[in-house]
Structure formats: C-alpha cells, structure tokens
Amino acid sequence: MGRTDIWKAGLSYLRQRPITLLIGSTDAVVSRIPKNFLDLNVYHMHDIWIEMLLLGGIPGLLLYLIIMSRTIFCSYKVIFAHNIAMHKKYMAIIPILLIINGITEIYPGVSGNIMDMMFFLIISIVINDAANKSVPQVSTCIQI
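Residues numbered from 1 in each chain as written. Predicted model: local features only at pLDDT ≥ 70, side-chain atom pairs only at ≥ 80, totals over all residues. Heavy atoms only, no water.

Here a ring pair, both rings aromatic, is described through the centre-centre distance and the interplanar angle of the planes. All chains considered together, the criterion is met by three aromatic pairs. Measuring from ring centre to ring centre gives 5.2 Å for Trp-49 and Tyr-64, while their planes differ by 70°; the resulting arrangement is edge-to-face. Its relative accessible area of 5% is what places Tyr-64 among the buried residues. Ring geometry for Phe-119 versus Phe-120: centroids 5.2 Å apart, planes at 75°, classification edge-to-face. (Phe/Tyr/Trp six-rings, centres within 6.5 Å; stacked < 30°, edge-to-face > 60°. Buried < 20%, exposed > 50% of the residue type's maximum accessible area, 1.4 Å probe, protein only.)

Further remarks concern the pattern of salt bridges. Side chains that carry opposite charge are capable of pairing whenever their charged atoms lie near each other. Overall, the coordinates contain three salt bridges when judged by the stated rule. One salt bridge connects Lys-35 with Asp-39, and the closest N-O pair in it is separated by 3.0 Å. Accessibility expressed as a relative area gives 35% for Lys-35, which makes it partly exposed. Asp-39 sits in the exposed class, given a relative accessible area of 58%. One salt bridge connects Asp-129 with Lys-88, and the closest N-O pair in it is separated by 3.4 Å. Remark: Lys-88 occurs in helix α6 (residues 86–101) and Asp-129 occurs in helix α7 (residues 114–131); sequence separation between them is 41 residues. For Asp-129, a relative accessible area of 8% corresponds to the buried category. (Salt bridge = Lys/Arg side-chain N within 4 Å of Asp/Glu carboxyl O. Helix = DSSP H or I, 4+ residues; strand = E, 2+ residues; numbered from the N terminus.)

You will see that Asp-39, though not glycine, has its phi angle at about 55°, which is positive. Along the polypeptide, Asp-39 turns up in the loop between α4 (33–38) and α5 (48–79). Within the chain, His-46 stands out as a residue other than glycine whose phi angle is a positive 55°. By the element assignment, His-46 lies in the loop between α4 and α5. What makes His-46 buried here is its relative accessible area of 14%.

Turning to helix α1 (residues 3–16), a few remarks are in order. Across its 14 residues, α1 extends 20 Å between first and last C-alpha, which sits within 8% of the 20 Å expected from 1.5 Å per residue. Within the span of α1, buried status applies to Ile-6, Ala-9, Gly-10, Tyr-13 and Leu-14. Seen from one end, α1 has its buried residues packed into an arc of 145°, which puts them on one side. Away from the buried face of α1 by more than 90 degrees, exposed residues Lys-8 and Arg-15 are located. In this structure, the buried residues of α1 make contact with α2 (20–23), α3 (27–30), α4 and α5. (Expected span 1.5 Å × (residues − 1). Arc of directions from axis to C-beta. Contact = heavy atoms within 4.5 Å.)

Moving on, we come to the packing of α1 against α5. One can describe the packing of α1 onto α5 by two numbers: an axis separation of 10 Å at closest approach and a directional angle of 20°. On the basis of their axis angle, the class for α1 and α5 is roughly parallel. The handedness of the crossing between α1 and α5 is left-handed. Of the residues in α5, those touching α1 at Trp-7, Gly-10, Tyr-13 and Leu-14 are Ile-50, Leu-53 and Leu-54. In terms of residue class, the contact of α1 with α5 is built from six nonpolar, one polar and no charged. (Axes fitted to C-alpha atoms, helices over the stretch in contact; angles between N-to-C directions. Parallel < 35°, antiparallel > 145°, perpendicular 65-115°, else oblique. Left-handed = near helix turned anticlockwise from the far one by under 90°. Nonpolar A, V, L, I, M, F, W, Y, C, P; charged D, E, K, R; others polar.)

What follows deals with the packing of α6 against α7. The geometry of α6 relative to α7 is characterised by a closest axis approach of 9 Å and an angle of 135° between their N-to-C directions. By the criterion of interaxial angle, the relationship of α6 to α7 is oblique. Crossing handedness for the pair α6 and α7: left-handed. Taking contact as the criterion, the partners of Lys-88, Met-91, Ala-92, Ile-94, Pro-95, Leu-98, Ile-99 and Asn-101 in α6 are, on α7, Met-115, Phe-119, Ile-122, Ile-123, Ile-125, Val-126 and Asp-129.

Take a look at the structure:
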C-alpha cells in the first residue's frame, strides 16, 4: 500500500461523511482514517491538500489555497525583481519547493513540527520582501 491508497481512503471517508466538506473533522478522526480504512499505521494523509480538506472542509482548504497562492505570487515577484538581493531570491524559492512537497507530505501545514513554523516564517519574509515599494510590479519584473 502506498500514498495513493491513503488518498483514496481520505476520499472514501468524505463519501461516507459528506458534511466534512463543510465543517471538516478533528485531527483525532483524520489521523485514524488510514488505520480504519486500510489497517495501516500511518497518522496523516501524505498530502497537505487532502489533509486540509479533511480538517477544515472546503472553507479551510480555500483559506490554505489563498495563502499558498499569495505565497507563490510573492515568490515570483521577488525572484524576478531586478533590484533585490540574490539571497532574498534564493529565500523566495524555498516556499515554492515546500508547496510542491505538500503533494506527498503534510509539510508545510499541519504536521505540528518546527518545519511548519519555519515555513510560515519564510513566507512572511518573502511576502514582506514582495511588498517592498522598491520592488517593481509583476508586469515590469520580467524583461523580454
């Protein structure tokens, strides 16, 4: 059994309890889905997007999507700005890599470890850098 089986178990849980799409479920319930559906001793969904859907329903998933979209937009803005220090550009790549990592793990997000805290610290730095008035708007960031 692999990650796709765990993801299917999460979706099966949603079919059994569709109200979860509106109100979510507690972590105690979500962490037992792999055990209850697959008899697998895994305590999370190995996908932050499914985990967020199960924990917060569609409203929680949308809020997470808004935060991640803003992060990607600001990372893009910082990476392609001409007048920003190289170390800040490298810092702006980190959130994108971790968001991609979220497809196979619950990091960054709700793992409850230091990685989540560090991720949110890094995205706050990137968003702040992107908000800097000296950074050009996205339309002027890329010169063709």
